[in-house]
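# Observations on chain architecture
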Amino acid sequence: MKYAALGVVYVVWGSTYLAIRLTIESLPPLLSGGVRFLLAGAVLAAVVAVVSRGALRMTRAQFGTAALLGFLLPAWGNGLVVVAEQQVSSGLAALLIASVPLYVVVLRRAFGERPPPVTFLGVGLGLVGLSVLVLLGRSDGGTHGSAWWGPWLVLLASLGWSVGSFLSGRLPTPANPFALSAVEMLVGGAVMTAVGLVAGERVDFGSVTTSSWLAWGYLVVFGSLLAFSSYVYVLGGLPLSTVATYAYVNPVIAVVLGVVVAGEHFGAVQFLGGALVVVAVVLVVNAERTGRRPAEVGVDDHRLVR
């Protein structure tokens with residue numbers, strides 16, 4: 001069951017970058033993303049309430065953690081990606097988000113942990129790859145968009161997701177992972193919706209295309225309700241070295257879909273930068289797998305994953 005859930009994260013999250021791009025072609029980014037999480041969170045909360053009575057009960061500290069993670073993961077992490085995809089291709093966004101495990105290593109070191117030496121080699125290689133993507137991709141004719149800030153906003157989104165993942169195992173959380181997921185999505189969705197309304201976003205229903213509605217529905221059902229819940233579920237049941245592999249599967253799927261379905265262009269320099277990032281993540285994940293003692297690999301591994 002856990003590996004089936006991980007498979008969902010592999011495939012569905014790799015496709016959500018393209019679905020986001022199609023959604024925001026005629027829907028406002030923050031409002032569409034916020035309502036997406038509000039709807040999915042409400043449905044999941046209702047299911048949890050019916051299936052597991054009392055599962056939604058949590059202490060003030062547990063609810064505080066869930067609310068904080070809702071701000072850092074769906075609101076900050078996903079919200080900034082949605083805004084950035086107005087300026088960057090879906091494939092490039094996925095490649096930049098693949099840097100999350102690299103950021104988590106830096107956070108671990110800052111808090112006194114000692115990752116294996118190969119991990120730092122991976123971080124260094126990843127930084128080179130990110131530099132190539134952000135600084136040199138334009139000269140290669142790649143699809144970055146019209147604003148310089150787009151890729152940087154995706155990197156900022158990665159930071160929020162990294163901090164949220166890092167804190168998730170260090171703070172008290174509800175025992176039921178689906179209750180945690182429901183609260184995260186409800187809080188994150190509320191934040192995104194509120195910011196979107198304050199920023200002046202409104203929906204012109206007459207101008208929304210069919211493709212945007214279909215993509216948005218896909219994000220609600222598969223991207224949020226199914227994949228996000230699956231992600232939270234596998235965090236508590238599989239080792240870091242296993243779960244973290246999504247970080248180099250997602251961008252491959254996203255780039256292929258972007259090129260084949262949306263006609264996105266990737267030049268040689270961008271492919272080089274993306275390859276460096278993926279190789280860096282592979283190095284980090286493998287180093288974590290071989291560098292930790294068996295006793296250290298278990299239920300606490302969800303502390304370190306996106």
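To be clear, the structure that these remarks concern was listed above.
A short tour of the structure in this document, coming up. Since the structure is predicted, the reported quantities are computational estimates derived from the model, not experimental observations. Position labels on residues start from 1 in each chain and follow its written sequence. In keeping with the predicted nature of the model, local features appear solely for residues at pLDDT of at least 70, side-chain atom pairs appear and are counted solely at 80 or more, and the whole-chain, interface and lining totals rest on all residues. Based on all heavy atoms of the structure, the side-chain values leave hydrogens and waters out of the count.

### Some details on the overall build of the protein chain
Under the scheme used here, helices are H or I runs from DSSP no shorter than 4 residues and strands are E runs no shorter than 2 residues, and both carry numbers assigned from the N terminus. Along the backbone of the protein chain there are twelve helices and zero strands. Along the protein chain, helices (α) and strands (β) appear in the sequence α-α-α-α-α-α-α-α-α-α-α-α when read from the amino end. For every residue, the accessible area (1.4 Å probe, protein chains only) is compared with the maximum for its type, and the residue is labelled buried under 20%, exposed over 50%, or partly exposed between those bounds. Expressed as a percentage of the 306 residues in the protein chain, the buried residues total 55%. Contact definition: two residues touch when any of their heavy atoms are within 4.5 Å. When contacts within the protein chain are restricted to residue pairs at least 6 apart in sequence, long-range pairs at least 24 apart make up 91% of them. Exposure was quantified through the Shrake-Rupley algorithm and a 1.4 Å probe, taking into account, for residues, occlusion by the shown protein chains and nothing else. Carbon and sulfur atoms make up 70% of the accessible area of the protein chain, which totals about 12800 Å².

### A few points about the nonpolar core
Nine residue types can take part in a nonpolar core, namely buried Ala, Val, Leu, Ile, Met, Phe, Trp, Tyr and Cys, and a core is a set of them joined through side-chain atoms within 4.5 Å. In terms of nonpolar packing, the biggest core is built from 65 residues, with Trp13, Tyr17, Leu96, Ile97, Val154 and Trp161 touching the most fellow members. Residues Ala19, Ile20, Ile24 and Leu219 belong to the second largest nonpolar core, which totals six residues.

### Here we look at the pattern of salt bridges
Oppositely charged side chains may form a pair once their charged atoms are brought near each other. Here, a salt bridge means any Lys or Arg side-chain nitrogen found within 4 Å of an Asp or Glu carboxyl oxygen. Across all of its chains, the model carries three salt bridges by this definition. Salt-bridge contacts for Glu264 lead to Arg21; the nearest nitrogen and oxygen are separated by 2.6 Å. A residue pair is termed long-range when its members are at least 10 positions apart, and Glu264 in the loop between α11 (246-261) and α12 (268-291) and Arg21 in helix α1 (residues 2-23) qualify at 243 residues. You can call Arg21 partly exposed: its relative accessible area is 25%. The salt bridge involving Arg108 is made with Glu113; its shortest N-O contact spans 2.9 Å. Assessed through its relative accessible area of 24%, Glu113 is described here as partly exposed.

### Section: the packing of helix α4 (residues 90-97) against α11
Where α4 contacts α11, the axes come no closer than 8 Å and their chain directions differ by 170 degrees. In this view, α4 runs roughly antiparallel relative to α11, as classed from their interaxial angle. Packed against α4, whose contacting residues are Ser90, Gly91, Ala94 and Leu95, the element α11 presents Pro251, Ala254, Val255 and Gly258 at the interface. Residue type decides the class: Asp, Glu, Lys and Arg count as charged, Ala, Val, Leu, Ile, Met, Phe, Trp, Tyr, Cys and Pro as nonpolar, and the leftover types, Gly among them, as polar. Classifying every residue of the contact of α4 with α11 by side-chain character gives five nonpolar, three polar and no charged. A fitted line through C-alpha atoms represents every axis, and for helices the fit uses only the stretch in contact; the resulting angles, taken between N-to-C directions, go from 0 to 180 degrees. Roughly parallel covers angles under 35 degrees, roughly antiparallel covers those over 145, roughly perpendicular covers 65 to 115, and oblique covers all other angles.

### Some details on the environment of Ser131
By secondary structure assignment, the location of Ser131 is in helix α6 (residues 117-136). Through-space distance from the C-alpha of Ser131 to that of Val277 is 9.9 Å; in sequence the pair is 146 residues apart. In the analysis that follows, any N or O atom pair within 3.5 Å is treated as a polar contact, provided that within protein one partner can donate a hydrogen and the other can accept it, and provided that, for residues neighboring in sequence, both atoms belong to side chains. Of note is the side chain of Ser131, whose polar atom sits 2.9 Å from the backbone oxygen of Leu127.

### Some details on the packing of helix α3 (residues 60-84) against helix α8 (residues 177-198)
Put simply, α3 and α8 touch, their axes get as near as 7 Å, and they point 55 degrees apart. When the axes of α3 and α8 are compared, the pair comes out oblique. The crossing of α3 and α8 is right-handed. Together, Phe63, Ala66, Ala67, Leu69, Gly70, Phe71, Leu73, Pro74, Ala75, Asn78 and Gly79 of α3 and Leu180, Val183, Glu184, Met185, Val187, Gly188, Val191 and Met192 of α8 make up the contact between the two elements. Partitioning the contact of α3 with α8 into residue classes produces 14 nonpolar, four polar and one charged. By the definition used in this description, the sense in which the near helix is turned from the far one sets the handedness, with an anticlockwise turn below a right angle giving left-handed and a clockwise turn giving right-handed.

### Observations regarding helix α5 (residues 100-110)
Burial analysis of α5 places eight of its eleven residues in the buried class, which makes it a mostly covered element. Burial in α5 covers these residues: Val100, Pro101, Leu102, Tyr103, Val104, Val105, Leu107 and Arg108. At the exit of α5 stands Gly112, carrying a positive phi of roughly 95 degrees.

### Observations regarding the side chain of Ser181
Along the chain, the position of Ser181 falls in helix α8. Not counting chain neighbours up to four residues away, the residues in contact with Ser181 comprise Leu44, Phe228, Ser229 and Val232.

### With respect to the packing of aromatic side chains
Only the six-membered ring of Trp is used, alongside the rings of Phe and Tyr, when aromatic pairs are assigned; centres must lie within 6.5 Å, and planes under 30 degrees apart are stacked while those over 60 apart are edge-to-face, with the rest tilted. All chains considered together, the criterion is met by ten aromatic pairs. Relative to Trp161, the ring of Trp13 lies with its centre 5.8 Å away and its plane at 85 degrees, an arrangement referred to as edge-to-face. Of the two residues, Trp13 is situated in helix α1 and Trp161 in helix α7 (residues 149-168); the sequence distance between them amounts to 148 residues. Considered together, Trp13 and Trp161 belong to a single accessibility category, that of buried residues. Ring geometry for Trp13 and Tyr231: centres 4.8 Å apart, planes at 45 degrees, overall tilted. Taken as a pair, Trp13 in helix α1 and Tyr231 in helix α9 (residues 210-235) lie far apart in primary sequence, 218 residues in all. One aromatic cluster in this structure is built from Trp13, Phe37, Trp161, Phe228 and Tyr231. The ring of Phe166 has Arg170 sitting right over it, with the charged end atom 3.9 Å from the ring centre. Geometrically, a lysine NZ or arginine CZ counts as sitting over a ring once it is within 6 Å of the ring centre and also within 35 degrees of the ring normal.

### What to know about the environment of Leu121
Position of Leu121 relative to the elements: it lies in helix α6. Of the residues examined, Leu121 reaches a relative accessible area of 54% and is grouped as exposed.

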